[in-house]
Amino acid sequence: MTRNLLNRKWMMALLQVVAWMLLFSLPFMLRPSSSPQQAGKPESSSSGMYYFYIINNLFWIAFFYLNAVVLVPRILYRKKYAGFVMMQVFLFVVYLGIGWMNNLLLRDQNHFNFRSHFLFTFFIFLFMLATSTAIRMGIDRIRAEKLADEKINENLKTELSLLRSQVSPHFMFNVLNNMVALARKKSDLLEPSLIKLSSLMRYMLYDVDGEKVSLEKEIEYLESYIDLQKQRISKNVIITTDFKEADRSLEIEPMLLIPFVENAFKHGTGIIDQAAIDIELTTKNSLLQFRVKNRYLDEDQELKDKTSGIGLVNVRRRLNLLYGKNHTLQVDREDGWFTVLLTIKLT
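No experiment lies behind these values; they were computed from the predicted model shown.

The rules behind these values
Residues numbered from 1 in each chain as written. Predicted model: local features only at pLDDT ≥ 70, side-chain atom pairs only at ≥ 80, totals over all residues. Heavy atoms only, no water. Helix = DSSP H or I, 4+ residues; strand = E, 2+ residues; numbered from the N terminus. Buried < 20%, exposed > 50% of the residue type's maximum accessible area, 1.4 Å probe, protein only. Contact = heavy atoms within 4.5 Å. Areas by Shrake-Rupley, 256 points an atom, 1.4 Å probe, with all protein chains shown as cover. Phe/Tyr/Trp six-rings, centres within 6.5 Å; stacked < 30°, edge-to-face > 60°. Core = buried A, V, L, I, M, F, W, Y, C linked by side-chain atoms within 4.5 Å. Salt bridge = Lys/Arg side-chain N within 4 Å of Asp/Glu carboxyl O. pLDDT = per-residue confidence, 0-100.

Can you tell me about the overall build of the chain, naming the residues and giving the values?
In terms of helices and strands, the chain carries 11 helices and seven strands. Counting over 347 residues, the chain shows a buried share of 34%. Taking as baseline every contact in the chain between residues at least 6 positions apart, the subset at least 24 positions apart corresponds to 72%. When the accessible area of the chain is evaluated, it comes to approximately 22,300 Å², of which 59% is carbon and sulfur surface.

Right, here's the structure in full:
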């Protein structure tokens, strides 16, 4: 429950406001209620002191968030250390000038002790710099660990789903039955079919252990899957594929594209007039575009299958975790065609 509260933006904002109020009210809460020196000071001098204190603290707050929100992520994280140090020196000089101007205008003092002002500003500057940098790095580390944990959990869930139904069991049974028929006929297609099935199984069981695979392996897996599907479905289904414009040296998360192809064969074949499946994969400047189209029946006529792979919902979830804003997924149903267009910026 505490973690849920801390994840809410309004709670974090409230905690920050309370922290600043406590920090800057300490001098007033800890000072004596009255003193002979204060009793002898004029009211205007006391008011100037308060204004000086408030304005000075506002500038420190501004520096805290400037460093945490802008300087650390945009300069320090990019390893521009010289620029980060120069910016801090520049801000320190600016704050020295601001303190001197506030002291001159608000505190109405003719004598200005620069050495005391320098030391006082320097130590507060170091405190604000260290605190804002540490807090920003701590928050980013917590977020990174949380995201890493989510990726691990999602990969585990996906792995379980893939082990249960990476390729529909119905598909595997149909392929094996088809190979039995080929064996009885002593067809020359039996050997290449077994090789394709072996390649497909090897990829699913061994090649997906790493975080990423080459696009070459992913395409080979898709081609083997499609070739095996062609052997079991009707010859009337028009299947077109185009992988020529793909840079196969790029890397991609494994088993990311197959759910769209499996979905197309599941819903794009059977009792469908002019059944057709069109699959195209292109890359340009590390931008991958994967388009899968298939004709489909209306939802009320379509036979539902419980073994439908990991599903588009889980694919969307996995894409959001793995690629975030570096991807788009469009799903359209128009004129009897079901179209999926996936765009990923591969880095």
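Additional details are given in the paragraphs that follow.
Residue-level account of the packing of aromatic side chains, with values.
Evaluation of the coordinates by the stated rule reveals 15 aromatic pairs. When the ring of tryptophan 60 is compared with that of tyrosine 95, the centres are 4.9 Å apart and the planes differ by 15°; the resulting orientation is stacked. Placement of the pair is tryptophan 60 in helix H4 (residues 43-76) and tyrosine 95 in helix H5 (residues 81-106), with a sequence separation of 35 residues. The pair tryptophan 60 / tyrosine 95 is uniform in exposure class, with both members buried. Each ring, one from phenylalanine 63 and one from tyrosine 95, has its centre 5.8 Å from the other, and the planes form 70°; the classification is edge-to-face. Linking phenylalanine 63 in helix H4 with tyrosine 95 in helix H5, this pair joins segments that are 32 residues apart in sequence.

Provide a residue-level description of the nonpolar core, including the pertinent values.
The biggest cluster of nonpolar side chains holds 50 residues, and the ones touching the most others in it are Ile252, Val261, Leu281 and Phe290. For this core, the elements supplying multiple residues, two or more each, are helix H7 (169-185), helix H8 (190-207), helix H9 (215-232), helix H10 (258-267), strand E4 (276-284), strand E5 (287-295), helix H11 (311-323) and strand E7 (337-345). In terms of residue count, the dominant contributor to this core is H9 (seven residues). Among all residues touching valine 261, those that are not within four sequence positions of it are Leu222, Tyr225, Ile226, Ile279 and Phe290. Counting residues in each nonpolar core, the second largest holds 15 residues, with Trp60, Leu71, Val72 and Leu76 among its members.

Would you mind going over the pattern of salt bridges in detail, with residue names and values included?
This structure, assessed with the given rule, holds six salt bridges. The salt bridge involving arginine 136 is made with aspartate 140; its shortest N-O contact spans 2.9 Å. Residue arginine 136 and its partner aspartate 140 are located together in helix H6 (residues 114-165), separated by four residues, close to a single helical turn. Across the pair glutamate 145 and arginine 141 runs a salt bridge, and its minimum N-O distance is 3.2 Å. Of this pair, glutamate 145 and arginine 141 both sit in helix H6, separated by four residues, roughly a single helical turn. Classification of arginine 141 by relative accessible area gives exposed; the value is 59%. One salt-bridge network, held together by shared partners, links Glu216, Glu223 and Arg248.

How would you explain H10 if you had to name every residue and give the values?
In terms of burial, H10 is a largely internal element, nine of the 10 residues being buried. Those residues of H10 lying buried are Ile258, Pro259, Phe260, Val261, Glu262, Asn263, Ala264, Phe265 and His267.

Account for the environment of valine 315, naming residues and giving values.
As for its placement among the helices and strands, valine 315 is situated in helix H11. Along the chain, valine 315 and leucine 329 lie 14 residues apart, while their C-alpha atoms are 9.9 Å from each other.

I'd like a rundown of unusual backbone geometry, residues and numbers included.
In most cases, non-glycine residues show a negative phi, while peptide bonds are predominantly trans. Despite not being glycine, lysine 79 shows a phi value in the positive range, around 65°. For lysine 79, the location among the structural elements is in the loop between H4 and H5. The exposed category is assigned to lysine 79, whose relative accessible area is 62%. One non-glycine residue with positive phi stands out, namely aspartate 335, at about 55°. Looking at where aspartate 335 falls in the secondary structure, it is placed in the loop between strand E6 (327-334) and E7.

Outline the environment of valine 72, supporting the account with residue identities and numerical values.
Position of valine 72 relative to the elements: it lies in helix H4. When the C-alpha atoms of valine 72 and threonine 133 are compared, they prove to be 6.7 Å apart, with 61 residues separating the residues in sequence. Setting aside residues up to four positions removed in sequence, valine 72 forms contacts with Asn67, Tyr77, Phe84, Thr133 and Arg136.

How would you explain the confidence of the model for the chain if you had to name every residue and give the values?
Counting all residues, the mean pLDDT for the chain is 78, and 71% of those residues have values of 70 or more. For residues 30-45, every residue scores under 50 in pLDDT, and the model assigns this stretch four contacts once sequence neighbours within four places are set aside. Taken as a whole, residues 300-309 scores under 50 in pLDDT and shows 15 contacts with residues more than four places along the chain or in a different chain.

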